[in-house]
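# Descriptive analysis of the structure
Here is how the chains run, residue by residue.
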Amino acid sequence: ARDFHRGGSASQRGYNARWARYAKWFLSQPENSFCKLHLDDRCAIVAQCVDHIVPPNGPEDPLFWDTSNHQASCIHCNSVKGHKAIKGSYTFGSHG
């Protein structure tokens, strides 16, 4: 079950200084300037964070650092997607 989002601090879930450096680099790439999710009208358009396309089950899951599993996202869309995934209403690859 992919439920690591529910517990532990951000650092315990793998979002540490190493992730911050990687995210800064990832978002600096021209192809990652804009939110790829654009889930609703509250999307900020400009990418602000790195989204895991398929949520990993913690920092030890190979999906956590798999660059093909990362996409640019705004904080709003990343949060909406995360909450929908936890509730079970988000279908990966959908926009809504």
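The structure contained in this document is the topic of the report that follows. It should be emphasised that the depicted structure is a prediction, and the values quoted were computed from it without experimental measurement. (Residues numbered from 1 in each chain as written. Predicted model: local features only at pLDDT ≥ 70, side-chain atom pairs only at ≥ 80, totals over all residues. Heavy atoms only, no water.)

Generally speaking, nonpolar side chains in soluble globular proteins are found buried as a group. Of all hydrophobic cores here, the largest spans eight residues; its members are Trp19, Tyr22, Ala23, Phe26, Ala47, Val50, Phe64 and Ala72. Per-element accounting of this core gives the leading share, four residues, to helix H1 (residues 17–28). Judged by nonpolar contacts, the second largest core, of seven residues, contains Cys35, Cys43, Cys74 and Cys77. (Core = buried A, V, L, I, M, F, W, Y, C linked by side-chain atoms within 4.5 Å. Buried < 20%, exposed > 50% of the residue type's maximum accessible area, 1.4 Å probe, protein only. Helix = DSSP H or I, 4+ residues; strand = E, 2+ residues; numbered from the N terminus.)

Turning to the pattern of salt bridges, a few remarks are in order. In this structure the tally under the stated criterion is one salt bridge. When the shortest N-O distance is used, the salt bridge between Asp51 and Lys81 registers 2.7 Å. Of the two residues, Asp51 is situated in strand E1 (residues 49–52) and Lys81 in helix H3 (residues 75–87); the sequence distance between them amounts to 30 residues. In this structure, Asp51 and Lys81 share a single accessibility class: buried. (Salt bridge = Lys/Arg side-chain N within 4 Å of Asp/Glu carboxyl O.)

Our next topic: a nonpolar patch on the surface. A cluster of nonpolar side chains, namely Phe34, Ile45 and Val46, defines an oily patch on the protein surface of about 280 Å² accessible area. Tracing the chain through its elements places Ile45 in the loop between H1 and E1. Residue Ile45 is classed as partly exposed on the basis of its relative accessible area of 39%. (Patch = residues over 30% accessible without salt bridge, like charges linked within 9 Å, V, L, I, M, F, W, Y side chains within 5 Å. Areas by Shrake-Rupley, 256 points an atom, 1.4 Å probe, with all protein chains shown as cover.)

Another aspect to go through is the environment of Glu60. Structurally, Glu60 can be placed in the loop between E1 and helix H2 (62–65). On the accessibility criterion, Glu60 (74% relative accessible area) is exposed. In sequence terms Glu60 and Gly14 are 46 residues apart; their C-alpha atoms lie 8.3 Å from each other.

Okay, the packing of aromatic side chains next. Going through the model one piece at a time under the given rule, you end up with nine aromatic pairs. Centre to centre, the rings of Tyr22 and Phe26 are 5.8 Å apart; their planes meet at 40°, and the pair counts as tilted. In this pair, Tyr22 and Phe26 are both assigned in helix H1, four residues apart and thus about one turn of the helix distant. Put simply, the rings of Tyr15, Trp19, Tyr22, Trp25, Phe26, Phe64 and Trp65 pair up and form one aromatic cluster. Over the ring of Trp65 we find Arg18, and its NZ or CZ is 3.9 Å from the ring centre. (Phe/Tyr/Trp six-rings, centres within 6.5 Å; stacked < 30°, edge-to-face > 60°. Lys NZ or Arg CZ within 6 Å of the ring centre and 35° of its normal.)

Okay, the pairing of strand E2 (residues 70–73) next. By the alternation rule, side chains of E2 split into His70 and Ala72 and Gln71 and Ser73, which are all buried. In this sheet, E2 lies alongside E1 in antiparallel orientation, the contact comprising four bridges. Residue pairing across strands places Asp51 opposite Gln71, the latter belonging to E2. (Pairing = 2+ DSSP bridges.)

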